[in-house]
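Structure assessment
Spelled out, the chains give:
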Amino acid sequence: GDGSALLVVADLHKAYGGIVPVNHVGFTIGAGKVHALIGPNGAGKTTLLNLLSGHVAPDSGSIRFQGQELAGQPAHRVASLGIARTFQNLKLFGDLSALDNVLLGAHRHVEASFPAALLGLPASRRAEAQARADALALLADLGLGERAFEPARSLPYGLQRRLEIARALASRPKLLLLDEPAAGLNPQETHELGDVIKRIQTAGVTVLLIEHHMDLVMGISQHVLVLDYGALIAEGAPDAIRKNPRVIAAYLGAD
Ligand code: ATP
């Protein structure tokens, strides 16, 4: 059956002059699931993600996240409520280590309890040490443990994309938004990305990803949303979406 709703979008609308990338869209993000947002180039997927993360303000409509209204809230407020995201283009600090890139994403997360070994340190040093330990554990979870002290730019591109996901996870989000995480990845890296996203889901984080790579979408998502010219033309389980004539005509058939 359906899990509980984490995010409920209703009648969300955004226009730029005559272009309407998000046209009165409504859907629900179920807690604990991996959701995919697909559709042709220019359909409005990134704009929709920008609305959810607070990077763009809607003209109208509602985005309710755990009962709180997000529509019109700034990005930092949305992030503090537990929604993290990545961008289509990498936004890493190339000169900084992988660890420092993750620590920069961790600002929101403040540990309430500390291991006994850290109790002798001043509070600020304890918090810093705890943040480093958390970030190192996160990097290890994502298979980046051995690269923690390398500059971000020295990592292979596939691992840079993964580091960007690690940085987003450092804020301990409840919902992770990924904008084309497989862009530029080779088949092996794409396969590994699928495993990473499954692990993130297993850790209890709900995921919404924009993705053009259909094998990845069909392999890891439980719910697919299809956008075309700003309108939600279909949604449902991957198998049903793959066979949906409207989706095939608008998107899948074109591949
Ligand atoms: P792609 O798969 O190519 O990334 P997309 O589905 O993410 O595309 P969007 O990037 O959301 O689509 O763009 C949807 C439409 O909205 C496009 O026609 C785009 O040019 C337009 N658009 C997006 N942002 C703006 C803006 N700030 N000002 C004007 N038009 C915009």
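Source: prediction; values computed, not measured.

**With respect to the site of the ligand**
Residues in close proximity to the ligand total 14 residues, the closest being G42, G44, K45, T46 and T47. Side-chain polar atom of T47 to an oxygen atom of the ligand: 2.6 Å apart, as the coordinates give it. One nitrogen or oxygen atom from the side chain of H212 is found 3.2 Å from an oxygen atom belonging to the ligand. Alone, the ligand offers 640 Å² of accessible surface; in the complex the protein occludes 62% of this. Elements represented by at least two residues in the shell around the ligand include exactly β2 (19-30) and α1 (45-53). Top contributing element to the shell around the ligand by residue count: α1, with three residues. Residues belonging to the shell around the ligand are distributed by class as follows: five nonpolar, seven polar and two charged.

**Let's talk about the sheet that holds strand β8 (residues 206-210)**
Picture the strands of a sheet paired through backbone hydrogen bonds; they go either parallel or antiparallel. Taken together, six strands build an open sheet; the order of strands is β6-β7-β8-β3-β9-β10 and the sheet is mixed. Two strands in the sheet have a free side with no partner beyond their single neighbour: β6 (83-85) and β10 (231-236). Strand-to-strand twist across the sheet, computed as the mean angle between neighbouring axes with direction ignored, equals 20 degrees. One ladder, built from three bridges, connects β6 with strand β7 (residues 175-179); its direction is parallel. Bridge pairing in β7 places R85 opposite L177. On the sheet, α1 packs against β3 (34-38), β6, β7, β8 and β9 (223-228) and is oriented at approximately 150 degrees with respect to β7.

**Details of the sheet that holds β2**
Spatially, β2-β1-β4-β5 is the arrangement adopted by the four strands of the open sheet, whose pairing is antiparallel. Across the chains shown, the open sheet's two edge strands, defined by having one partner strand only, are β2 and β5 (68-69). As paired strands, strand β4 (residues 60-65) and β5 are joined by two bridges and run antiparallel to one another. Across the sheet, R64 pairs through a bridge with E69, a residue of β5. Running over the sheet, α1 touches β1 (5-16), β2 and β4 and is turned about 120 degrees from β1.

**A word on a nonpolar patch on the surface**
Residues F93, L96 and L104 make up a contiguous nonpolar surface patch of about 260 Å² in total accessible area. Among the structural elements, F93 can be located in the loop between β6 and α3 (98-105). Residue classification places F93 among the partly exposed residues on the basis of a relative accessible area of 45%.

**Looking at the environment of Q73**
Along the chain, Q73 falls in the loop between β5 and α2 (75-81). In this structure Q73 comes out as partly exposed when scored by relative accessible area, which is 25%. For the pair formed by Q73 and S53, sequence separation is 20 residues and the distance between their alpha carbons is 8.9 Å. Contact partners of Q73, with chain neighbours within four places excluded, come to G54 and V78.

Reading guide: rules and limits
Residues numbered from 1 in each chain as written. Predicted model: local features only at pLDDT ≥ 70, side-chain atom pairs only at ≥ 80, totals over all residues. Heavy atoms only, no water. Near = heavy atom within 4 Å. Polar contact = N/O pair within 3.5 Å; in protein donor to acceptor, adjacent residues only side chain to side chain. Areas by Shrake-Rupley, 256 points an atom, 1.4 Å probe, with all protein chains shown as cover. Helix = DSSP H or I, 4+ residues; strand = E, 2+ residues; numbered from the N terminus. Nonpolar A, V, L, I, M, F, W, Y, C, P; charged D, E, K, R; others polar. Pairing = 2+ DSSP bridges. Axes fitted to C-alpha atoms, helices over the stretch in contact; angles between N-to-C directions. Contact = heavy atoms within 4.5 Å. Patch = residues over 30% accessible without salt bridge, like charges linked within 9 Å, V, L, I, M, F, W, Y side chains within 5 Å. Salt bridge = Lys/Arg side-chain N within 4 Å of Asp/Glu carboxyl O. Buried < 20%, exposed > 50% of the residue type's maximum accessible area, 1.4 Å probe, protein only.

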